[in-house]
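In case you want the letters, here they are:
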Amino acid sequence: MKKEFLEQSILGTMLEENYLILDSGLTPDMFYGQHHRMLFSMMRELAQEQHAVDFMTLSARFEQVQHIGIGYVTELIRFASPEKFDDYAQLLREIWRDKQKDQILFQAAEGGWDIPKIMSALDKIQLQGEFFDTSILQDLVEMHSRPFENITTPGLVVPHIP
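Attention in this report is confined to the structure presented alongside it.

Criteria and cut-off values
- Residues take numbers from 1 onward in each chain, read along the sequence in its written order.
- Selection of residues for local features in this predicted model requires a pLDDT of at least 70, selection of side-chain atom pairs for listing and counting requires 80 or more, and totals for whole chains, interfaces and linings are taken over all residues.
- Only hydrogens and water are removed before side-chain values are computed, so all heavy atoms of the structure are retained for them.
- Numbering of helices and strands starts at the N terminus; helices are DSSP runs of H or I of at least 4 residues and strands are runs of E of at least 2.
- Note on definitions: a residue-residue contact is assigned when non-hydrogen atoms from the two residues lie within 4.5 Å.
- Computed by Shrake-Rupley with a 1.4 Å probe, the accessible areas treat only the displayed protein chains as cover when residues are assessed.
- Patch members must show over 30% relative accessible area and no salt bridge, and they are joined within 9 Å when carrying like charges or within 5 Å when they are nonpolar side chains of Val, Leu, Ile, Met, Phe, Trp or Tyr.
- Any Lys or Arg side-chain nitrogen found within 4 Å of a carboxyl oxygen on Asp or Glu counts as a salt bridge.
- When accessible area is computed with a 1.4 Å probe and restricted to protein chains, residues below 20% of their type maximum are described as buried, those above 50% as exposed, and intermediate ones as partly exposed.
- An expected span of 1.5 Å times one less than the residue number is assigned to each helix.
- In this count, Lys and Arg are taken as positive residues and Asp and Glu as negative ones, while His and the chain termini are left out.
- For helices, the axis comes from a line fit to the C-alpha atoms of the stretch in contact; other axes are also lines fit to C-alpha atoms, and the angle between any two N-to-C directions lies between 0 and 180 degrees.
- Should an angle lie under 35 degrees it is considered roughly parallel, over 145 roughly antiparallel, and from 65 to 115 roughly perpendicular; all remaining angles are considered oblique.
- Two helices that cross are described as forming a left-handed crossing if the nearer one is turned anticlockwise from the farther one by less than a right angle, and a right-handed crossing if clockwise.
- Each residue gets one label: Ala, Val, Leu, Ile, Met, Phe, Trp, Tyr, Cys and Pro are nonpolar, Asp, Glu, Lys and Arg are charged, and the others, such as Gly, are polar.

**With respect to the overall build of the protein chain**
Line of reasoning, step 1. Helices and strands together make up the secondary structure of the protein chain, namely nine helices and zero strands.
Line of reasoning, step 2. Starting at the N terminus and ending at the C terminus, the protein chain contains elements arranged as α-α-α-α-α-α-α-α-α.
Line of reasoning, step 3. Partitioning the intrachain contacts of the protein chain with sequence separation of at least 6 by distance along the chain shows that 60% fall at a separation of at least 24.
Line of reasoning, step 4. On the protein chain, roughly 11100 Å² of surface is accessible, and the fraction owed to carbon and sulfur atoms is 57%.

Below is the structure:
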C-alpha cells in the first residue's frame, strides 16, 4: 500500500470519526506528506479545542487549507475505513519508526555514538505514538462494590436501599 493512500485513509476516517484524532496517539511528524502533516496538525488543534472537525470548520478556521485544496480535503472522506483504522494507524507508526531508526543509526555512525546512547534513542522511538489498549477489567472490579458503598454528597440527598 502506498504511503499516500494509507495517510488519506487515516485522515478521511478521522474526518468521519473525530475522536480518533486525539485517541490514535499519532503525531504530525508521523505523516510522510507535508500537506498531510499540515492537515493533521490543524485537525488536532480543532479537536483539542473540542470543535467539530470537518472540511467546513477547517476551511473557515485555517487559511492553509486553501493551499491543500478544499476539494482534496472533501475527497478524503472517500478513503475513510473505520474498520481498518487501527491496522492502518499501526502501519503508519511502523513506517515512521523505521524511518526514525534509520536516522538514528546514521547519526550514530556519523557521530561515533556509544552503544548506550544508541539504545536510549531507539527505546525512545519505540514507545512514541504507541497506542495502549487498556482493559476495563480493573475498572469493573472497582465498580463491583459501588452499589453497596455509602455515598455522602454535600447538598444532595441520595436514597440508599439497605
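Read on for the rest.
**Re a nonpolar patch on the surface**
Line of reasoning, step 1. Nonpolar side chains collect at one region of the surface, where Phe-55, Met-56 and Ile-70 lie side by side and expose about 270 Å² of accessible area between them.
Line of reasoning, step 2. Mapping Phe-55 onto the fold places it in helix α4 (residues 55-61).

**Digging into unusual backbone geometry**
Line of reasoning, step 1. Non-glycine residue Gln-50 carries a positive phi angle of around 60°.
Line of reasoning, step 2. Within the element layout of this structure, Gln-50 appears in the loop between α3 (34-48) and α4.
Line of reasoning, step 3. A relative accessible area of 74% places Gln-50 in the exposed class.

**Description of α3**
Line of reasoning, step 1. The end-to-end C-alpha distance of α3, which contains 15 residues, comes to 21 Å, matching closely the 21 Å that a straight helix rising 1.5 Å per residue would cover.
Line of reasoning, step 2. The inward-facing, buried residues of α3 abut α1 (3-16), α2 (19-23), α4, α5 (65-68) and α6 (70-75).
Line of reasoning, step 3. Positioned one or two residues after α3, Gln-50 has a phi angle of 60°, which is positive.

**Details of the pattern of salt bridges**
Line of reasoning, step 1. Following the criterion strictly, the structure yields three salt bridges and no others.
Line of reasoning, step 2. Between Glu-75 and Arg-78 there is a salt bridge; the shortest N-O distance is 3.1 Å.
Line of reasoning, step 3. Salt bridges sharing partners connect three or more residues here, namely Glu-45, Glu-49 and Arg-61.

**What to know about the side chain of Glu-7**
Line of reasoning, step 1. If you trace the backbone, Glu-7 turns up in helix α1.
Line of reasoning, step 2. In this structure Glu-7 is buried but unpaired, with Arg-37 as the nearest side chain of opposite charge at 7.0 Å.
Line of reasoning, step 3. For Glu-7, the contacting residues outside a window of four places in its chain are Met-30, Phe-31, Tyr-32, Gly-33, His-36 and Leu-92.

**Side note on the environment of Ile-77**
Line of reasoning, step 1. When you line up the elements, Ile-77 lands in the loop between α6 and α7 (85-111).
Line of reasoning, step 2. The exposure class assigned to Ile-77 is partly exposed, which follows from its relative accessible area of 34%.
Line of reasoning, step 3. Excluding residues that lie within four positions of it along the chain, Ile-77 makes contacts with Gly-12, Leu-15 and Glu-16.

**Considerations on the packing of α1 against α3**
Line of reasoning, step 1. Running from N to C, α1 and α3 point in directions that differ by 15°, and their axes come no closer than 11 Å. The pairing of α1 with α3 is recorded here as roughly parallel in orientation. In this structure, α1 crosses over α3, and the sense of that crossing is left-handed. Along its contact with α1, which presents Glu-4, Glu-7, Gln-8, Leu-11, Met-14 and Leu-15, the element α3 presents His-35, His-36, Leu-39, Phe-40 and Met-43.
Line of reasoning, step 2. Considered class by class, the residues forming the contact of α1 with α3 number six nonpolar, three polar and two charged.

**Section: α1**
Line of reasoning, step 1. Compared with an ideal rise of 1.5 Å per residue, which puts 14 residues at 20 Å, α1 spans 20 Å between its outermost C-alpha atoms and is within 8% of the ideal.
Line of reasoning, step 2. Within α1, 10 of the 14 residues are buried, which leaves it mostly tucked inside the rest of the structure.
Line of reasoning, step 3. If you check which residues of α1 are buried, you get Leu-6, Glu-7, Gln-8, Ser-9, Ile-10, Leu-11, Gly-12, Thr-13, Met-14 and Leu-15.
Line of reasoning, step 4. Check the buried side of α1 and you find it contacts α2, α3, α4, α6 and α7.

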